[in-house]
Amino acid sequence: MSYLDKSALKVVGTRPVRPDGVEKVIGRANFGADMVMPGMLWGKVLRSPHAHARIRSINTARAAALPGVRAVITADDFPPIASEEAFVGEGPMNFRDLSYNCIARGKVLYDGHAVAAVAATSPAIAEEALDLIAVDYEVLPHVIDVEDAMKADAPVLHDDLFTQGVDPKPTKPSNIAKRIGFNKGDIATGWKEAEVTIERRYTTQPVHQGYIEPHACVVAVGADGQCTIWSSSQGQFMVRAYCAKLLGVDIANIRAMPAEIGGGFGGKTLIYLEPLAMALSRKSGRPVKIVMNREEVFRGTGPAAGSVIEVKLGAKKDGRLVAAELLLKYQAGAFPGSPVGPGCMCAFAMYDIPHVSIVGYDVVSNRPKVAAYRAPGAPNSSFGVESCMDELARQMNIDPLHLREINAAKDGTKAAHGPTWSNIGYLETVQAAQANAHLSHKLGSNQGRGVASGFWFNIGGESSAACHINEDGTATVVEGCPDIGGSRASMAMMAAEVLGIPYERVRPIVADTASVGFSFLTGGSRVTFATGMAVTQAAEKVVVELKKRAAMIWDISPDAVDWKDGKAYPAGPNAGSFEPLSLQEIALKAGRTGGPISAEVTINAQGAGAGWATHICDVEVDSETGRVKILRYTAIQDVGRAIHPSYVEGQIQGGVTQGIGWALNEEYIYDKDGRLENPGFLDYRVPVASDLPMIDAVMLEIPNPRHPFGAKGVGEVPIVPPMAAVANAIFDATGIRMRDLPMSPPKLRAALDAEAPPPRLAAE
Amino acid sequence: MSKHHVTTTINGEPVEYLCEAQQTMLDVLRDELNLTGSKEGCGSGDCGACTVIVDGNIVCSCLMLGVEAEGKTITTVEGIAEGDKLHPVQQKFLEHAALQCGFCTPGFIVAAKALLDENKNPTEEETRYWLAGNLCRCTGYDKIIRAVLDAAALMRGEAGAV
């Protein structure tokens, strides 16, 4: 069934209180670190102090002998795993690499790489035991920068890494894991047709997802090999699959329980601690809890890739783009798998350009393995392309929004990476920006305005959901995707809409891996789309059953029963004359009409609608300090249908704020030895409340016909435009083009000084 | 190492506990007293997820030692509501959808309550600066600020939504 007609909706589109809200405001919700078990031990992880070193030996004898220590593990406690592509997380993953990332084998590849772990009766004893583990390292030359890592004489991280995607296959290993390319039309023709060209280079630093909850888990392995995992992750089925593989255990022997998750943004789509706790529990026979501290989170997890972005655009004199070329070099961290693929595909997706050539490189270096971060890959390449679009617009004296308007991809446009668009709302976001009241605000001195657009695919995928009708006519919705930003509310709303009962009578839960069918993780902006589709279909199956039960009570054909507003009605005069039967009345009689009423649906959802956004940002630059203040921010987005508008706005506002942090302040800083210098929130400064204005989220509803309610994923595209929007605004304010992120006060101040020496000095 | 005996008041109730000298107040709350509403996001006083009120002042409980609670009066997130009656800040957080993952929420609730105890009519700017010691990575703070300002209006007996 379709519920695309908004005027007919009673629940979807309203803003009820989320079902799990009270628990979270009174401090009762259980996050990863809140779980305790009787007899539980505390685990701690020993991490490498070196960026790159060979492990000659690890002596754990003294640690193991410390009173209170019950188990010590190293890579020797894990089975060696063959290289094998994994399809359980978000983005590319290899089981062997994940195993080596969780615990180093033979070599440590970055500052913070785990080398051993202990379990003891108290955190203090576990900490003390770490100091007693003796690791003999042979320190090796290291490489941090992406372009340094690509050089022929760079220290090589992996002896068996040969660049994929080049012909002929290289004979020597290197740090370039992969070369990919996308072409549309004929780029040489494009350059011949171009009347105006521009070529620029941009760079970005790695940034951390910055979830406030550090990784945490409790794992209990029984003598029979049965294993229960409580952990905070973006997917309990992901945790189960990875742990089974890394420990060599049957999936059926692991039950993964989803704790509440304190933020992830992609950074919890893979695992770090669970396999270690599992090995420690197996060895000690006791449940083991491990909680990272913030320094470990920065040194050992995430971040998003840093990158080099080279853009070349060619246009006709009227502003129509005819050629676009892009070269991307993305840091993968210590193991292959940067999001350079989506970086390539998203870069020009907003535009209808006849001739396109894109090349991307996935490059390893001595940094933590990158993890997905909100629209992984897209923010980097879009910073380059959207900055360059602004430079082109200013060079040609065309309004930047108009330049985007005349080049906008529309339904029927073929993207450089293959698909032909349908039901897309990109142009609408540009037009909405042109009409937005934001533009009427006058700018003062040192103030500027920038615009930028963005694209993200959004995905569907495998989801399961059940809808159970309880004896009193309430409903329980069971799903398998961790609720990271209010999705329980959306699930309950869609079920309530289908069942025709009030939202408050539907209770949604996120179930463990033994209590609901397989569900892919929470990521790719897929949950409201794919799991929402499963929930809707489960509720629809229940309605079919409810009609059947009413027909049985009335002794008429089920086809002669209508379902409306939570009640069964005879379909017309020919069906007979009966008083309507409410869901509650039917539920009460379920035992006498065939038994419990419930349905479970498992799907592989297809047809996710892409996310499109255009942002407007106003800044003020303090020319004395180089500090940039965000004055005003408007984010316009095609959201399909906002199931719970407040949580859609929240996704937009949160994504924008992360983007502002990426633009202005956040970066990984390494010293000459390859050690991370800012592994804490004081020195890695994320935006705080006093840094920001209100963020105006404008939701355009261009329904996705492939979803029953028209939903599109909304969580990821909001982080794509901000970096360029801010950079473009800074240019507008100062005439200075910042092409290297972050545009932090010292860098902007230096640029201001280089541009125009301070008058005070000039006067001297 | 012998433990220290501490007598204090937490959420209006007399509490006694034994703790080690190096244990933080946050460790004591979470690991000894099962008050896990206060969260550890950093352990260094930068994120505010562990915010509690000690004798009227907001404090990051990760920066306070358990032994320092002797004779003090402490309020944690578990003590903000009165029985099943939510504090206006809690109520407005729910109505404004001012939480996404909810991990930073306890710290914000405690800090915002302390703000409104002190200032019945804070401006948006005052609210933003007061809460600048509490990190939220999900919301962009927009709905949090609105919720706090709306809670202030409610407590002043004004209806005006923000």
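All values derive from a computational prediction rather than experimental measurement. (Residues numbered from 1 in each chain as written. Chains lettered and ligands numbered in written order. Predicted model: local features only at pLDDT ≥ 70, side-chain atom pairs only at ≥ 80, totals over all residues. Heavy atoms only, no water.)

Turning our attention to the overall build of chain B. Within chain B, the secondary structure is distributed over five helices and five strands. Tracing chain B from N to C terminus, the helices and strands come up as β-β-α-β-β-β-α-α-α-α. A globule of 162 residues ought to have a C-alpha radius of gyration of about 15 Å, and chain B, at 16 Å, matches this closely. Counting the 162 residues in chain B, one finds 57% classified as buried. Pairs at least 24 residues apart make up 54% of the contacts formed inside chain B by residues separated by at least 6 positions. Looking at chain B as shown, the accessible area adds up to about 6400 Å², and 48% of this sits on carbon and sulfur atoms. (Helix = DSSP H or I, 4+ residues; strand = E, 2+ residues; numbered from the N terminus. Rg over C-alpha atoms; globule rule 2.2 N^0.38 Å. Buried < 20%, exposed > 50% of the residue type's maximum accessible area, 1.4 Å probe, protein only. Contact = heavy atoms within 4.5 Å. Areas by Shrake-Rupley, 256 points an atom, 1.4 Å probe, with all protein chains shown as cover.)

Okay, the overall build of chain A next. Counting secondary structure elements, chain A contains 20 helices and 28 strands. For a compact globule of 764 residues, the expected C-alpha radius of gyration is about 27 Å, and chain A comes in at 28 Å, within 12% of that figure. Projected onto its principal axes, the C-alpha positions of chain A cover 95 × 75 × 55 Å. Contacts in chain A between residues far apart in sequence, at least 24 positions, make up 80% of those at least 6 positions apart.

For the rest of this paragraph, the subject is the pattern of salt bridges. In the structure shown here, the tally under the stated rule is 58 salt bridges over all chains. A salt bridge links A:Asp34 to B:Lys39; the shortest N-O distance between them is 2.4 Å. Of this pair, A:Asp34 sits in the loop between helix 1 (21-25) and strand 1 (41-47) while B:Lys39 is found in the loop between helix 1 (25-32) and strand 3 (51-54), placing the two residues in two different chains. With respect to class, A:Asp34 is no different from B:Lys39; both count as buried. Residue A:Asp390 is joined to A:Arg394 by a salt bridge in which the shortest nitrogen-to-oxygen separation is 2.6 Å. With A:Asp390 and A:Arg394 both in helix 11 (residues 378-396) and four residues apart, this pair spans about one turn of that helix. Taking relative accessible area as the criterion, A:Asp390 reaches 0% and is therefore assigned buried. (Salt bridge = Lys/Arg side-chain N within 4 Å of Asp/Glu carboxyl O.)

A separate point is the domain arrangement of chain B. Residue and element names in this part refer to chain B. Along its sequence, chain B is organised into domain 1 (4-79) and domain 2 (88-155). On a C-alpha basis, the centroid separation for the pair domain 1 and domain 2 is 21 Å. At the interface, 14 residues of domain 1 touch 13 residues of domain 2. Overall, the association of domain 1 and domain 2 removes approximately 1000 Å² of surface from exposure, summing both partners, and the carbon and sulfur fraction of that is 71%. Per-residue buried area on domain 1 facing domain 2 is highest for Ile-53, Ile-58 and Val-77; these three make up 38% of the total on that side. (Domains from an automatic or database assignment. Buried area = accessible area lost by both parts, 1.4 Å probe.)

This next bit is on helix 10 (residues 340-347) of chain A. Extensive coverage of helix 10 of chain A is indicated by the burial of six of its eight residues. On its buried face, helix 10 of chain A is in contact with strand 9 (176-184), strand 16 (321-333), strand 17 (355-364), helix 11 and strand 18 (447-456) of chain A.

A few words now on the interface of chain B and chain A. Interface size is often expressed as the accessible area that is lost when the parts come together. Counting residues at the interface gives 43 residues for chain B, matched by 52 residues for chain A. The junction of chain B with chain A conceals about 3900 Å² of combined surface from both sides, 60% of it contributed by carbon and sulfur atoms. When the buried area of chain B at its contact with chain A is split by residue, B:Leu94, B:Gln100 and B:Arg137 rank highest and sum to 22% of it. The interface formed by chain B and chain A contains four salt bridges. Across the contact surface, chain B and chain A share 21 residue pairs in polar contact (both at pLDDT 80 or more). Mapped onto the side of chain B that touches chain A, the elements with two or more residues apiece are helix 1, helix 2 (88-95), helix 3 (105-118), helix 4 (124-130) and helix 5 (142-155) of chain B. (Polar contact = N/O pair within 3.5 Å; in protein donor to acceptor, adjacent residues only side chain to side chain.)

The next point concerns the domain arrangement of chain A. Residues and elements named next belong to chain A. Along its sequence, chain A is organised into domain 1 (6-28 + 460-605) and domain 2 (377-458 + 609-755). The gap between the C-alpha centroids of domain 1 and domain 2 is 38 Å. With both sides pooled, the region where domain 1 packs onto domain 2 buries about 1800 Å², and carbon together with sulfur makes up 60% of that total. Counting every contact that joins domain 1 to domain 2 gives two salt bridges. Listed by contribution, the elements that provide at least two residues to the side of domain 1 that touches domain 2 are helix 14 (487-499) and helix 15 (527-554). The dominant element in the side of domain 1 that touches domain 2, judged by the number of residues it contributes, is helix 14, at six residues. Broken down by class, the residue content of the side of domain 1 that touches domain 2 amounts to nine nonpolar, ten polar and four charged. (Nonpolar A, V, L, I, M, F, W, Y, C, P; charged D, E, K, R; others polar.)

A few words on the sheet that holds strand 2 (residues 53-59) of chain A. Residue and element names in this part refer to chain A. One open sheet holds the three strands; their spatial order is 6-2-8, and the pairing between them is antiparallel. Each having just a single partner strand, strand 6 (107-108) and strand 8 (134-139) make up the two edges of the open sheet. In terms of strand pairing, strand 2 meets strand 6 through two bridges, oriented antiparallel. Bridging across to strand 6, Ala-53 finds its partner in Val-108. (Pairing = 2+ DSSP bridges.)

Attention shifts here to the packing of helix 2 of chain B against helix 5 of chain B. Residues and elements named next belong to chain B. Closest axis-to-axis distance for the helix 2/helix 5 pair is 8 Å, and the angle between their directions is 135 degrees. Between helix 2 and helix 5, the crossing angle belongs to the class labelled oblique. Two packed elements cross with a definite hand, and for helix 2 against helix 5 that hand is right-handed. Residue-level inspection shows Pro-88, Val-89, Lys-92 and Phe-93 of helix 2 in contact with helix 5, the latter providing Ile-144, Ala-147, Val-148, Asp-150, Ala-151, Leu-154 and Met-155. (Axes fitted to C-alpha atoms, helices over the stretch in contact; angles between N-to-C directions. Parallel < 35°, antiparallel > 145°, perpendicular 65-115°, else oblique. Left-handed = near helix turned anticlockwise from the far one by under 90°.)

What follows deals with the pairing of strand 18 of chain A. Residues and elements named next belong to chain A. Counting buried positions along strand 18 gives ten out of ten residues, so the element sits mostly inside the fold. With burial as the criterion, each face of strand 18 is covered, one bearing Gln-447, Arg-449, Val-451, Ser-453 and Phe-455 and the other bearing Gly-448, Gly-450, Ala-452, Gly-454 and Trp-456. With ten bridges joining them, strand 18 and strand 26 (residues 611-621) adopt antiparallel strand pairing. Residue pairing for strand 26: Gly-450 is matched across the bridge by Cys-617.

Attention now goes to the sheet that holds strand 2 (residues 13-19) of chain B. Residue and element names in this part refer to chain B. Read from one edge of the open sheet, five strands run 2-1-5-3-4, paired in mixed fashion. Because the sheet does not close on itself, it has two edges, and the strands there are strand 2 and strand 4 (57-60). The sheet shows a mean angle of 40 degrees between the axes of neighbouring strands, direction not considered. With seven bridges connecting them, strand 1 (residues 4-10) and strand 2 associate as antiparallel partners. Of the residues in strand 2, the one forming a bridge with Val-6 is Tyr-17. Together, strand 1, strand 2, strand 3 and strand 5 (73-75) form the strand contacts of helix 1, whose direction differs from that of strand 2 by roughly 100 degrees. Packed onto the sheet, helix 3 meets strand 3 and strand 4 and runs at close to 35 degrees relative to strand 3.

Following the criterion strictly, the structure yields zero disulfides over all chains and no others. Unpaired in terms of disulfides, A:Cys481 finds its nearest cysteine sulfur in A:Cys467, a separation of 16 Å. Residue classification places A:Cys481 among the buried residues on the basis of a relative accessible area of 0%. Sulfur of B:Cys138: no disulfide; nearest cysteine sulfur belongs to B:Cys101 and is 3.8 Å away. The buried category is assigned to B:Cys138, whose relative accessible area is 4%. (Disulfide = S-S within 2.5 Å.)

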